[in-house]
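Inside the fold
Residue strings, one per chain:
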Amino acid sequence: MRVLLVEDEIRLAENVAHALRDGPGFAVDQAEDGQTGLDLAENLCYDLIILDLMLPKLDGLTVLRRLRERGDNTAVLILTARSERSSIIQLLNSGADDYLSKPFDLGEVIARAKALIRRGKGMASPALRLGDLELHTGDQSVFRAGNPIVLSPMEYRILEYLMHRPRAIVSKRELLEHMYDFNWVHHSNVIEAHVSNLRRKLGEGANPPTIENLRNRGYRLVLEYGNYKDAGDESG
Amino acid sequence: MKTYSLTRRLITAVLLVELCSLLALIGIASVYEGISHFRALDVMLRGRADSVLGAVQDAEDPEDNLMLYGTEGLAPRRDIYIVRDDRGRVIGSQGWPGGEQALASSDTREFRNLTVGGVRYRVIRRPGLRIVDPGDAKGGVARHVIILYGSRTHPVWERVRNAIAFYALSGLLLLVVTGVVLLHLLRRGLQPLYELAEQAGGISVTSWNLGPSSQARYVRELEPLVSAIESALLRLEQSFAQQRQFVSDAAHELKTSVAVVKSSLQLLTMRTRSAKEYEEGLERVRIDSERMEELVAKMLTLARLEDGAEQPESYRTVELGDVLRDVAEHFRTLASFHRISLVINANSPVFVFCDPDQLRLLCSNLIHNAIQHSAAGAEVRAIVSSRDKVARLVVEDDGEGISEEVLPHVFDRFYRGDPSRSRRTGGTGLGLAISKAIVLRYHGAIRLESRPGHGTSAIVTLPLVETTAERTDPGVVRNQETGVVAS
């Protein structure tokens, strides 16, 4: 998952970004002013935008409104030092999905970020299921038919992203963009290795959910190899 | 002081004036009444005396022995008279015992007042001529008679008293009516004042205006009050809004600052870390809390400078160059760290009268700013000069300058021209606001001039003290300064 963090207080941004990378393993891009934040949000795909309100150049509320005006549906979590009811109502009415008042709890930031990403992808439960494959986003554990599977952090992140979008074709570029921050280009070759490792670890036992590799189009997480090939071709 | 009613005072004053005029009027009127009634009495007395004389003249009296008797109905019963002829014989009288003495008196005035038998009378003296036997060829004998005729004065006084009573009663009625009407009129007349009070009562922190419907605005006497209230409200509203903005900004800054410290700590506890990681994390927390401390200290300084009363007892005559050199000494390390040369140009002594600590803070803020905005190898110049009773301090740098849209806001509290830079350098956005507050406190002026890409100059002017007599011992100042540094 890739998160954009727009916060002008460098130390706070560092801490939040660190927590998001460390905890749920999100890729985090940072912007220090509203204009940069808006430019990034427009040009890159994010699963969540964490936005401070008092920002130089362009304030958070304006950034939020511009995003929504342009039809951007990315989930937005607002960080605010203002706790007046009116400003919160205004925020939510302007298209914010959630807010946190400063000084906030880092654990709460992570929990809300995960919940917003889940909701944004149409999931409600923190435990994602596909066939006999189970992924718990809370403790980042993966089970196949009740047996735990040990994954590397990157493998987990790839699987988590694919499980949020089952049966959809996810391009390599999209996967890259959502796994890494600004420097994703340097990782383009590594992702193939990660996917193949992941496929190997998942592919043990009967009736495995499998990651299909569609040439030049991307990856697709399906219940049974071949079952959705035709449908995938049609949609492609 | 005891409260009093303006209405009551006004009404009392008006009624008192009215009462005095009434009393004067009654006095004048009663004198007039008395005079006119007595005139009427005198005219009547003349008539009655004449009719008595007529009776004397008409009496049939061939023997010249005329006697009048009271039974003849010559005069009303309550009146008295006495008639005497020139032979000294009383030829008639009514109700006047001892009338002879009155006749015998040498008083020859026409009218006089007498008391007869305890009753007061007004008496007319009417000399007359009686012709005895006018049928005679010689025309008869002329006999002189003197008539004294008196009438009681009591009824006249009674009438005067009645008139006075009438005047007094109507006067009283007038007073009452005046009082009631005045009360009513005053109440109605003071209505704009009550309205104004009601509107003033409606003023609160959420509604600062008196209300455009104020009737009081059109009352000439209330106009100064209304405009005074309005201008006071405007000033209050501005300062209140400013305060509220400050509190809101301060809360924002503090919450953010607390959020930094809190998140730094939470980050450490999210999972177990190595001793080295903990050490580094705690060091970061220490730096974060120091920044918070600095922020709080600066906010307090600013609040004190802006709201606190002046403390002239801490003012000294200080030499600007001395202070500047002192401050520059402290920045030597920082400047050399950034490879910036600090040039002080303060040759002729320039004296200003102010709190030395605040002046030092001002210089230190300006020099610190200049160093922060200078590139490595650049020069920061501080120049002190004086001209026309004005002391002048200019701090120049060759830094990146300030853009035109940022320049008007540099003195705003918590304003950071270049956020990424000043946040990184630990700026609180209060330095220039504090500098401005200090300069304003001493009735000076401060402005920034900047050419983007070429550098910025901070120009401070302060009132110059021309005397060289009172000079604070620079040694003392230095000692204090080193004390601060040591701590």
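This is a predicted model, so every value here is computed, not measured.

**Some thoughts on the overall build of chain A**
A tally of helices and strands in chain A yields nine helices and twelve strands. Looking at chain A residue by residue over its 236 residues, the buried ones come to 52%. As presented, chain A carries roughly 10400 Å² of accessible surface, and 47% of it is formed by carbon and sulfur atoms.

**Quick word on the UniProt feature "transmembrane region" (unreviewed entry) in chain B**
All names here are of chain B. Mapped onto the present numbering, the UniProt feature "transmembrane region" (unreviewed entry) falls on residues 12–32 and 164–186. Helix makes up 100% of residues 12–32 and strand 0%. Its end C-alpha atoms lie 30 Å apart. Between the first and last C-alpha atoms of residues 164–186 the distance is 32 Å; the span itself is 100% helix and 0% strand.

**Looking at the sheet that holds strand β3 (residues 48–52) of chain A**
Residues and elements named next belong to chain A. Read from one edge to the other, the open sheet built from five strands follows the order β2-β1-β3-β4-β5, with strand pairing classed as parallel. Looking at strand neighbours, the two that pair on one side only are β2 (27–31) and β5 (98–101), the edges of this open sheet. Neighbour-to-neighbour, the strand axes of the sheet open up by a mean angle of 20°, direction not taken into account. With four bridges joining them, strand β1 (residues 2–6) and β3 adopt parallel strand pairing. Paired with Leu4 across the bridge in β3 is Ile49.

**Quick look at helix α8 (residues 356–372) of chain B**
Residues and elements named next belong to chain B. An ideal rise of 1.5 Å per residue puts 24 Å on 17 residues; α8 measures up with 24 Å between its terminal C-alpha atoms. Of all 17 residues making up α8, twelve are buried, and the element is well covered by its neighbours. Those residues of α8 that sit buried are Pro356, Gln358, Leu359, Arg360, Leu362, Cys363, Asn365, Leu366, Ile367, Ala370, Ile371 and Gln372. The N-cap of α8, judged by a side-chain oxygen 3.0 Å from the amide nitrogen of Asp357 a few residues on, is Asp355.

**Concerning the nonpolar core**
Counting residues in each nonpolar core, the largest one holds 54 residues, and the members touching the most others are A:Leu20, A:Leu48, A:Ile50, A:Ile158, A:Leu159 and A:Leu175. Here the element with the most residues in this core is helix α6 (residues 153–164) of chain A; it accounts for seven residues. Among residues more than four places away in sequence, those in contact with A:Leu20 are A:Val3, A:Gly25, A:Phe26, A:Val28, A:Ile50, A:Ile110 and A:Ala113. Core analysis: the second largest hydrophobic core is formed by 52 residues, B:Met299, B:Cys354, B:Cys363 and B:Val439 among them.

**So, the interface of chain A and chain B**
Facing 23 residues of chain A, the contacting portion of chain B comprises 23 residues. The largest per-residue losses of area from chain A upon contact with chain B belong to A:Glu9, A:Arg11 and A:Pro103, which jointly make up 24% of the total buried on that side. Inspection of the region where chain A meets chain B yields four salt bridges. With a shortest N-O distance of 2.8 Å, A:Arg11 and B:Asp288 are connected by a salt bridge. Applying the counting rule to chain A against chain B returns 13 residue pairs in polar contact (both at pLDDT 80 or more). When residues of the side of chain A that touches chain B are traced back to their parent elements, those giving at least two are α1 (10–22) and α5 (106–120) of chain A. Top element by residues in the side of chain A that touches chain B is α1(A). It accounts for seven residues. Of the residues that constitute the side of chain A that touches chain B, the class distribution is ten nonpolar, five polar and eight charged.

**Focus: the side chain of A:Asn15**
The residue A:Asn15 is located in helix α1 in this model. Taking relative accessible area as the criterion, A:Asn15 reaches 2% and is therefore assigned buried. Polar contacts involving the side chain of A:Asn15 include one to the main-chain carbonyl oxygen of B:Val260, which spans 3.3 Å. With near-sequence residues (within four places) excluded, A:Asn15 lies in contact with A:Leu106, B:Val260, B:Ser263, B:Ser264 and B:Leu267.

**Overview of the sheet that holds strand β9 (residues 379–387) of chain B**
All names here are of chain B. With mixed pairing, five strands are arranged side by side in an open sheet as β7-β9-β10-β12-β11. Both outer strands of the open sheet, β7 (341–345) and β11 (445–451), are each paired with one neighbouring strand and no more. On average, each strand axis in the sheet is inclined to that of its neighbour by 15°, with strand direction left out of account. Against the sheet, α8 contacts β7, β9, β10 (390–397), β11 and β12 (455–463), and its axis sits at roughly 25° relative to β10. This element, helix α10 (residues 431–441), spans β11 and β12 of the sheet and lies at about 140° to β11.

**Focus: the UniProt feature "modified residue: 4-aspartylphosphate" (unreviewed entry) in chain A**
Residue and element names in this part refer to chain A. The UniProt entry lists Asp52 under the feature "modified residue: 4-aspartylphosphate" (unreviewed entry), expressed in the numbering used here. By the secondary structure assignment, Asp52 is in strand β3. Dropping the residues within four chain positions of it, Asp52 is found in contact with Val6, Glu7, Asp8, Gly60, Leu79 and Lys102.

**Details of the pattern of salt bridges**
Residues and elements named next belong to chain A. Counted by the stated rule, this structure contains 33 salt bridges over all chains. For Arg2, the salt bridge is made with Asp29, and the minimal N-O distance between the two is 2.6 Å. One end of the pair, Arg2, is in strand β1; the other, Asp29, is in strand β2, with 27 residues separating them in the sequence. What makes Arg2 buried here is its relative accessible area of 0%. With a relative accessible area of 0%, Asp29 lands in the buried category.

**Looking at the environment of B:Leu41**
All names here are of chain B. Checked against the element boundaries, Leu41 lands in helix α1 (residues 6–58). On the accessibility criterion, Leu41 (7% relative accessible area) is buried. Other than its neighbours up to four places away in sequence, Leu41 contacts Arg122, Ser151, Thr153 and Val156.

**Focus on the packing of α1(B) against helix α3 (residues 154–189) of chain B**
The description of two packed helices rests on the angle between their axes and on the distance between the axes. Residue and element names in this part refer to chain B. Packing of α1 against α3 brings their axes to within 9 Å, and their N-to-C directions diverge by 160°. Between α1 and α3, the angle is such that the two are roughly antiparallel. Between α1 and α3 lies a crossing of right-handed hand. Partitioned by chemical class, the residues of the contact of α1 with α3 number 22 nonpolar, seven polar and three charged.

**Quick notes on the packing of α6(A) against helix α7 (residues 172–179) of chain A**
Residue and element names in this part refer to chain A. Look at α6 against α7: their axes get within 11 Å of each other, and the N-to-C directions meet at 120°. Helix-helix and strand crossings are classified by hand; for α6 and α7 the assignment is right-handed. For the pair formed by α6 and α7, the contact residues are Met154, Arg157, Ile158, Tyr161 and Leu162 on the first element and Glu174, Leu175, His178 and Met179 on the second. Considering only residue class, the contact of α6 with α7 consists of six nonpolar, one polar and two charged.

About the cut-offs
- Residues numbered from 1 in each chain as written.
- Chains lettered and ligands numbered in written order.
- Predicted model: local features only at pLDDT ≥ 70, side-chain atom pairs only at ≥ 80, totals over all residues.
- Heavy atoms only, no water.
- Helix = DSSP H or I, 4+ residues; strand = E, 2+ residues; numbered from the N terminus.
- Buried < 20%, exposed > 50% of the residue type's maximum accessible area, 1.4 Å probe, protein only.
- Areas by Shrake-Rupley, 256 points an atom, 1.4 Å probe, with all protein chains shown as cover.
- UniProt positions renumbered as here; feature names shortened; annotations may be inferred.
- Pairing = 2+ DSSP bridges.
- Axes fitted to C-alpha atoms, helices over the stretch in contact; angles between N-to-C directions.
- Expected span 1.5 Å × (residues − 1).
- Polar contact = N/O pair within 3.5 Å; in protein donor to acceptor, adjacent residues only side chain to side chain.
- Core = buried A, V, L, I, M, F, W, Y, C linked by side-chain atoms within 4.5 Å.
- Contact = heavy atoms within 4.5 Å.
- Buried area = accessible area lost by both parts, 1.4 Å probe.
- Salt bridge = Lys/Arg side-chain N within 4 Å of Asp/Glu carboxyl O.
- Nonpolar A, V, L, I, M, F, W, Y, C, P; charged D, E, K, R; others polar.
- Parallel < 35°, antiparallel > 145°, perpendicular 65-115°, else oblique.
- Left-handed = near helix turned anticlockwise from the far one by under 90°.

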